[in-house]
Amino acid sequence: MSAEWKYPFSQSSDPNVDLSSHDAFNEGAPYKTFERLRGEGGVTWTEETGGRGFWSVTSHEHITKLNRQPDLLSSAKGIRIEDQTEEEYEARKTFQETDPPAHTYFRMLVNKAFSRNSIAQFEDQIREITGSLIDKALEKGECDATEMIARQLPMRMLGQIIGVPEEDLGWLVEKGDALISNSDPDYTDFVVDKVDTDEYRLLPFRSPAAVELFDYANDLLKRMEAGESFGVLNLVLGETKGGTKMTHDEFRNFFCLLVAAGNDTTRYSIAASIHALANQPDLFQQVKDNLDDEAFMMTAADEMIRWASPTTHFRRTATRDFEHAGKQIKEGDKVVLWFASGNRDTEMFDDPYSIDLTRKPNRFMSFGQGGPHVCLGMWLAKLEVRIVLEELAKRVATIEQTANHSYLRSNFILGIKRLPVRMTAA
C-alpha cells in the first residue's frame, strides 16, 4: 500500500487482523484484511474477542444498500461493536442511537445550523485561524502537525459553532478525547478494555470524563433557561415537529457527542491530509498549481476525506431475519458497516490506494452518505480540510515528515495522533 511513501499511511499487511480488537488499527487501516473480506463476498461473519460476533459489511455496494434501510438495521442498540444492556443504551443514547422518525425530528432542529450555507459563513474565520496556526508551526520549523494544526482548528471552530468561551475549549476537547478515544491510554486513565469501567457503564463511552462534561452541560442548561444564548445549543432545546423536546439527559448526551465527534473526525482528516502532502511532494505541488481553481480544491478536499476515512465503521442491529448477499442474518445480529473498507473498494474506485485530487465521481462514504445518519458536520469538515490545503499551499514552500507517525488506539476512529514534520515558509 503506497510503497513509494517513506512513511505509508497504513503499515498493516496482515490479512487476518482481529477487527473486534481496539488494536486492529494500531498500524493504520488493515487494508489486506478488508481486501480478503471483500473477496469473500463483502458480507462475512466475524468472530469477536469476548463477544458474540458480528457481520462485517466491507464492499461499497453492500454498505450503500444496507445503510439506506434503518427499518431493517437499527441504530437503537448502539453504533459501536460493543454490546449494551437496555439500561445502558437508554442512559447513554444520543440522537445517533435513534431511528427515524425520532432521529429525523431531532435532526431537523439542528440541520439549519450545519447546512452548507450556514457553514459557509464561517469561511473567513476558518481561514484566519488556519493561517495563524500554520504560521506558528512555521516559526517552530519542526512540529507535531496533528497537535499544532489538525487538533487546534476543529477545536477553535467548535467554540464558534456552539458558542462557548474560548478559554474553555482546551478543557472541553481534552474531555472529548477521553470519551471518544476511551481505548487509548494516551487520552484516558480508564482504558475501556484494560481497566474495570463497570462503574461508568451508564455514561457515554463508559467514561468518567462524561461526569465533568455533564456538569458543564448542566451549567449551560441553567444559563440558557435564564435567557443566555449558546449558538446551536439553543436550537437543540426547541420543540421537534412532533411537539416533543429533548430531555435534560438527552441534551447532556448530545453535548458530549458534539464535543467529542465534532472535533476528532475532522482532526484526523486534516492530519491525514498533511501526512499525504508531506510524503508526496508532487501532490503538494499539484495543490499549489491549482490554488485558484475552487472546483479543483473542493474535489481535492473530498478525495482527502475519502483517503482519511476517520470513522472506520458504524454498527447496526438487525430488526428481523433477512437474507442479504446470500447470507442469512438473524434478528438481533450485529451488522457492522466498514466505511474504511468501502472507501478502498476497487469495484467502486479506480486505484483506490492512490490519491487522485481530480477524482470524479467520488462516491466516498466517510460521512455515512445515503442513510438517515449522514454526518451533521459534513460541510464544516469539507470546508476546514479545503482551507487547510489552500493555506498550506499559500504559506509553505516544503513540508516533509521527519519520523514515524503513530495512530490512535481504536477500531472506531482511524487517526494519526502524532505527525512529526518539518516545514519551510513560502
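Look up a bit, the structure's there.
K.L.:
What am I meant to see in the overall build of the protein here?
P.N.:
Each helix and strand in the protein was counted, giving 16 helices and 12 strands. Taken against the 2.2 N^0.38 rule, which gives 22 Å for 426 residues, the C-alpha radius of gyration of the protein at 21 Å falls within 12% of a compact globule. Seen through its C-alpha atoms, the protein measures out along the principal axes to roughly 60 × 55 × 40 Å. Counting across all 426 residues of the protein, residues that qualify as buried make up 59%. Contacts in the protein between residues far apart in sequence, at least 24 positions, make up 70% of those at least 6 positions apart. For the protein, the accessible surface area stands at approximately 17,200 Å², while carbon and sulfur atoms represent 47% of it. Once the 49 positive and 68 negative side-chain charges of the protein are each reduced to a mean point, those two points are 2 Å apart.

K.L.:
What's the story with the packing of helix α8 (residues 152-162) against helix α9 (residues 169-180) in this structure? I'm lost.
P.N.:
Between two packed helices, the angle of one axis relative to the other and the distance separating the axes together describe the packing. Remark: α8 packs on α9, axes separated minimally by 10 Å, with the N-to-C direction vectors making an angle of 110°. Classified by the interaxial angle, the pair formed by α8 and α9 is roughly perpendicular. The chirality of how α8 crosses α9 is right-handed. Residues M155, R156, L158 and G159 of α8 touch α9, and the partners they reach there are L169, G170 and V173. Residue composition of the contact of α8 with α9, grouped by class: 4 nonpolar, 2 polar and 1 charged.

K.L.:
Please clarify how the sheet that holds strand β4 (residues 142-144) should be interpreted in this entry.
P.N.:
Adjacent strands of a sheet pair through backbone hydrogen bonds, lying either parallel or antiparallel. Ordered in space as β4-β12-β9, the 3 strands form an open sheet in which the pairing is antiparallel. Of all the strands in the sheet, just β4 and β9 (396-401) have a single pairing partner and so form its edges. Between one strand and the next, the sheet's axes are offset by a mean angle of 30°, whatever the strand orientation. On the sheet, helix α6 (residues 123-140) packs against β4, β9 and β12 (420-425) and is oriented at approximately 95° with respect to β12.

K.L.:
Help me understand the packing of aromatic side chains in this model?
P.N.:
The geometry of two aromatic rings is summed up by the distance between their centres and the angle between their planes. Throughout the structure, instances matching the rule amount to 12 aromatic pairs. Here the aromatic rings of W45 and W55 are separated by 5.2 Å at their centres, their planes lie at 75°, and the arrangement is edge-to-face. Placement of W45 in strand β1 (residues 43-46) and of W55 in strand β2 (residues 54-57) is noted, with a sequence separation of 10 residues between them. An aromatic cluster is present here, built from W5, F9 and W307 joined pairwise through their rings. If you follow R252 out to its NZ or CZ, it ends over the ring of F214, 5.8 Å from the centre.

K.L.:
Explain the environment of S10 to me, please; I cannot follow it from the model alone.
P.N.:
Within the element layout of this structure, S10 appears in the segment before α1 (31-39). Judged by relative accessible area, which is 5%, S10 ranks as buried. With 35 residues separating them along the chain, S10 and W45 place their C-alpha atoms 24 Å apart. At a separation of 3.3 Å, a polar atom in the side chain of S10 contacts the main-chain amide nitrogen of S12.

K.L.:
Sorry, what's going on with unusual backbone geometry here?
P.N.:
Only a minority of non-glycine residues have a phi that is not negative, and only a minority of peptide bonds are not trans. Between P100 and the following residue, P101, the backbone shows a cis peptide bond with an omega angle of 10°. Topologically, P101 is positioned in the loop between α3 (86-92) and α4 (102-111). A cis geometry characterises the amide bond from K360 onward to P361, with omega recorded as -10°. In this structure, P361 sits in the loop between α15 (339-342) and α16 (378-395).

K.L.:
What is the right way to read the nonpolar core from this model?
P.N.:
Burial of nonpolar side chains together is a common tendency in soluble globular proteins. The biggest cluster of nonpolar side chains holds 136 residues, and the ones touching the most others in it are L233 and F255. For F255, the contacting residues outside a window of four places in its chain are I162, L172, L213, Y216, A217, L220 and L233.

K.L.:
Help me understand the side chain of T44 in this model?
P.N.:
By the element assignment, T44 lies in strand β1. A residue is classified by how much of its surface remains accessible, and T44, at 6% relative accessible area, is buried.

K.L.:
Looking at this structure, how should I read the sheet that holds strand β3 (residues 73-74)?
P.N.:
Spatially, 5 strands are ordered β1-β2-β8-β5-β3 in an open sheet, and the strand pairing comes out mixed. Edge strands, defined here as strands with exactly one partner in the open sheet, are β1 and β3. Bridge count between strand β5 (residues 313-318) and strand β8 (residues 334-338): 5 bridges; the pairing is antiparallel. Note that in β8 the partner of T317 across the bridge is K334. Here helix α2 (residues 60-67) sits on the sheet and contacts β1, β2, β3, β5 and β8; the angle it forms with β8, its principal contact strand, is near 125°.

K.L.:
How should the pattern of salt bridges be read in this particular structure?
P.N.:
Close approach of charged atoms lets side chains of opposite charge pair. Overall, the coordinates contain 38 salt bridges when judged by the stated rule. The salt bridge involving D71 is made with R320; its shortest N-O contact spans 3.9 Å. Remark: R320 occurs in the loop between β5 and β6 (322-324) and D71 occurs in the loop between α2 and β3; sequence separation between them is 249 residues. A salt bridge links E390 to R127; the nearest nitrogen and oxygen atoms lie 2.8 Å apart. Taken together, the positions of E390 in helix α16 and R127 in helix α6 put the pair 263 residues apart, joining distant regions of the chain. With relative accessibility at 19%, the residue R127 sits in the buried group. Taken together, the salt bridges that share partners define one network made up of E123, R127, D135, R386, E390, E391, K394 and R395.

Definitions and cut-offs
Residues numbered from 1 in each chain as written. Predicted model: local features only at pLDDT ≥ 70, side-chain atom pairs only at ≥ 80, totals over all residues. Heavy atoms only, no water. Helix = DSSP H or I, 4+ residues; strand = E, 2+ residues; numbered from the N terminus. Rg over C-alpha atoms; globule rule 2.2 N^0.38 Å. Buried < 20%, exposed > 50% of the residue type's maximum accessible area, 1.4 Å probe, protein only. Contact = heavy atoms within 4.5 Å. Areas by Shrake-Rupley, 256 points an atom, 1.4 Å probe, with all protein chains shown as cover. Lys, Arg positive; Asp, Glu negative; His and termini not counted. Charge placed at Lys NZ, Arg CZ, Asp CG, Glu CD. Axes fitted to C-alpha atoms, helices over the stretch in contact; angles between N-to-C directions. Parallel < 35°, antiparallel > 145°, perpendicular 65-115°, else oblique. Left-handed = near helix turned anticlockwise from the far one by under 90°. Nonpolar A, V, L, I, M, F, W, Y, C, P; charged D, E, K, R; others polar. Pairing = 2+ DSSP bridges. Phe/Tyr/Trp six-rings, centres within 6.5 Å; stacked < 30°, edge-to-face > 60°. Lys NZ or Arg CZ within 6 Å of the ring centre and 35° of its normal. Polar contact = N/O pair within 3.5 Å; in protein donor to acceptor, adjacent residues only side chain to side chain. Core = buried A, V, L, I, M, F, W, Y, C linked by side-chain atoms within 4.5 Å. Salt bridge = Lys/Arg side-chain N within 4 Å of Asp/Glu carboxyl O.

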